[in-house]
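Residue strings, one per chain:
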Amino acid sequence: MKNTKVIKTGILQTASSNLLETAARLKLDETLTRKLHDPIERIEMTINPVLENGKMVHIKTFIVRHNDALGPSKGGIRMTENVTIDDITGLSMEMTWKCALIGVPFGGGKSGIACDPAKLSAVDKEIIIRSFTRNGRRHIGPEVYIPAPDMGTNQFDMGHIRDCISYSEGISITKGCYVTGKPVILGGIVGRTEATGKGVVFALKAACEKRGMSLQGVKVIVQGLGNVGGIAAREIVKEGAIVVAVEDITGALYNNDGINIPELLDFIAQKGGVKGYPGAKPMPREKFFSYACDILIPAAAGSQITAENAGGIKAKIIAEGANAPTTPEADKILNRRNIFVIPDILCIAGGVFVSYLEYTQETQREQMTLEEVEKRLADRMRDKFNEVYDYSMKKKIPMRHAAMDIAVNKVVEAIRIRGFLP
Ligand code: NAD
């Protein structure tokens, strides 16, 4: 495409390249490709809240709505020191395809707050989240953009967003669902916190079924032991797998007999990371991806599997538990090596699927049981995995290409059916 250049910056570059390759495969014309590529809205806001110590801070925040052909934009709030509007744009694009693929009536969106939550007290974090909500209020709502947790944010932050909006309106409830991933007592849904990580394991179970494998006794390595990776590790061990190596921002560890995951997660809750955990041995972080295993779950940051380390990966299956963990160059290497990749837009779509259940529950003032939520999540992950797998077999293309083709085709269909009036 002449006017739609691949942008060379991490997550956005990956998202951009995935879309342009898909558009070429589907033979979409240039204007439609540009419409699918560029976000409908990219907002940068500066907030200057006064923290507990009486000092004012200066923080950049972003809201990007990529596409709303299928419904209001949906996507989490990333709170990290170095997050950029380009990262948020790439992530919002991924959300468009994820929502379309998993079959929920949402478009793609994402937001970012450029500061490090680990350096904030609980009170200061709440002040910043409320300031972001007040400043971004006109961009947030059930018909526009509905935030959720992402890296650096959690259910309590979502509770503060809900409170901030109902407080500003002077009413005790919000009219519809303004934010998902809230605490259950504030209208959140049971099982949302675990949904993304559990969804990863449901997708892996479906992959093993198709490939005639069992999870019993398979060796797994997990990068990132936060909300997604921690739950995925805990759930896969329940299926009989052995987690033999882990890595997070503080270090990497291995134990070929299997790491005691519940014990490790308790350790992380107290110490903030895997470093120093006595039940496994430390290893250099750069050796993590080449550790011998059957399954690799990258569930940390983007652009972790690169052209430099993809050749050394021993896993036969990679379940992408993070957004855009694989660069386009690395993806080509993995395809050449016949490594089976469950792509992010499928593998971690369980979170947004359960967010959708929360949205419908709140809109209808209903309550779902954990059993109901988990059954619907398990069924949806298996059905969508099978749809993507069958398409990839039929077309003889990798899973990522199949997932993108299905998702982009759905958005294109919605755009066409809505029509092209000004
Ligand atoms: P989190 O903040 O709970 O945990 C992140 C983990 O990754 C931590 O263990 C951290 O130490 C580790 N980490 C961060 N940078 C790293 C690096 N460079 N190298 C090694 N480890 C690193 O975050 P989360 O909510 O678990 O999100 C993880 C990924 O999943 C992100 O890509 C996020 O966008 C994606 N995701 C999350 C959800 C959700 O519901 N939480 C939903 C969809 C996608």
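Refer to the preceding data block for the structure.
Residues numbered from 1 in each chain as written. Predicted model: local features only at pLDDT ≥ 70, side-chain atom pairs only at ≥ 80, totals over all residues. Heavy atoms only, no water.

## Considerations on the overall build of the protein
Right, on to step 1. Across its full length, the protein holds 13 helices and 13 strands.
Right, on to step 2. Scored against the burial criterion, the 422 residues of the protein give a buried share of 57%.
Right, on to step 3. Sequence-distant contacts, at least 24 apart, represent 69% of the contacts inside the protein between residues at least 6 apart.
Right, on to step 4. About 17,900 Å² of surface is accessible on the protein, with carbon and sulfur atoms providing 52% of the total.
Right, on to step 5. Averaging the locations of the 55 positively and 48 negatively charged side chains of the protein gives two centres separated by 3 Å. (Helix = DSSP H or I, 4+ residues; strand = E, 2+ residues; numbered from the N terminus. Buried < 20%, exposed > 50% of the residue type's maximum accessible area, 1.4 Å probe, protein only. Contact = heavy atoms within 4.5 Å. Areas by Shrake-Rupley, 256 points an atom, 1.4 Å probe, with all protein chains shown as cover. Lys, Arg positive; Asp, Glu negative; His and termini not counted. Charge placed at Lys NZ, Arg CZ, Asp CG, Glu CD.)

## A short note on the sheet that holds strand β13 (residues 340-342)
Right, on to step 1. Judged by pairing direction, the sheet is mixed, and its seven strands sit side by side in the order β10-β9-β8-β7-β11-β12-β13 without closing on themselves. Every interior strand has two partners, whereas the edge strands, β10 (281-283) and β13, have only one. Between one strand axis and the next, the sheet turns by 20 degrees as a mean value, whatever way the strands run.
Right, on to step 2. Pairing of strand β9 (residues 251-254) with β10, which is carried by three bridges, proceeds in the antiparallel orientation. For Ala252, the partnering residue across the bridge sits in β10 and is Met283. (Pairing = 2+ DSSP bridges. Axes fitted to C-alpha atoms, helices over the stretch in contact; angles between N-to-C directions.)

## Topic: the pattern of salt bridges
Right, on to step 1. Per the stated rule, a full pass over the model turns up 30 salt bridges.
Right, on to step 2. The closest approach of N and O atoms between Lys182 and Glu358, which form a salt bridge, is 2.7 Å. Taken together, the positions of Lys182 in the loop between α5 (155-169) and α6 (192-210) and Glu358 in helix α11 (residues 350-363) put the pair 176 residues apart, joining distant regions of the chain.
Right, on to step 3. On the accessibility criterion, Lys182 (3% relative accessible area) is buried. (Salt bridge = Lys/Arg side-chain N within 4 Å of Asp/Glu carboxyl O.)

## Quick look at the environment of Leu20
Right, on to step 1. You can see Leu20 is positioned in helix α1 (residues 10-25).
Right, on to step 2. Residue class for Leu20 comes out buried when judged on its relative accessible area of 14%.
Right, on to step 3. Each C-alpha atom of the pair Leu20 and Arg34 lies 9.2 Å from the other, and the pair is 14 residues apart in sequence.

## Here's the deal with the site of the ligand
Right, on to step 1. In the vicinity of the ligand, 24 residues are found, and the nearest of them are Arg78, Asp150, Thr196, Val228 and Asn323.
Right, on to step 2. At 3.1 Å, a backbone N or O of Ile249 approaches an oxygen atom of the ligand.
Right, on to step 3. Between Ala300 and the ligand, the recorded distance is 3.0 Å, taken from a backbone N or O atom to an oxygen atom.
Right, on to step 4. Within the complex, 84% of the 830 Å² of free accessible area of the ligand lies under protein.
Right, on to step 5. Tallied by class, the residues present in the shell around the ligand amount to nine nonpolar, nine polar and six charged. (Near = heavy atom within 4 Å. Polar contact = N/O pair within 3.5 Å; in protein donor to acceptor, adjacent residues only side chain to side chain. Nonpolar A, V, L, I, M, F, W, Y, C, P; charged D, E, K, R; others polar.)

## Overview of the side chain of Lys198
Right, on to step 1. Position of Lys198 relative to the elements: it lies in helix α6.
Right, on to step 2. Residue classification places Lys198 among the buried positions, given a relative accessible area of 14%.
Right, on to step 3. Once you skip the residues sitting within four places of it in the chain, Lys198 turns out to touch Ile231, Arg234, Glu235, Glu374 and Leu377.

## Brief notes about the packing of aromatic side chains
Right, on to step 1. Evaluation of the coordinates by the stated rule reveals nine aromatic pairs.
Right, on to step 2. Ring centres of Phe267 and Tyr277 lie 5.6 Å apart, and the angle between their planes is 65 degrees; on these two criteria the pair is classed as edge-to-face. Linking Phe267 in helix α8 (residues 261-271) with Tyr277 in the loop between α8 and β10, this pair joins segments that are 10 residues apart in sequence.
Right, on to step 3. Their ring planes at 20 degrees and their centres at 5.9 Å tell us that Phe385 and Tyr389 sit as a pair that is stacked. Here Phe385 pairs with Tyr389, and both are found in helix α12 (residues 370-395), just four residues apart, close to one helical turn. Judged on exposure class, the residue Phe385 and its partner Tyr389 are both buried.
Right, on to step 4. Taken together through their ring pairs, the aromatic side chains of Phe106, Phe353, Tyr356 and Tyr359 make up a single cluster. (Phe/Tyr/Trp six-rings, centres within 6.5 Å; stacked < 30°, edge-to-face > 60°.)

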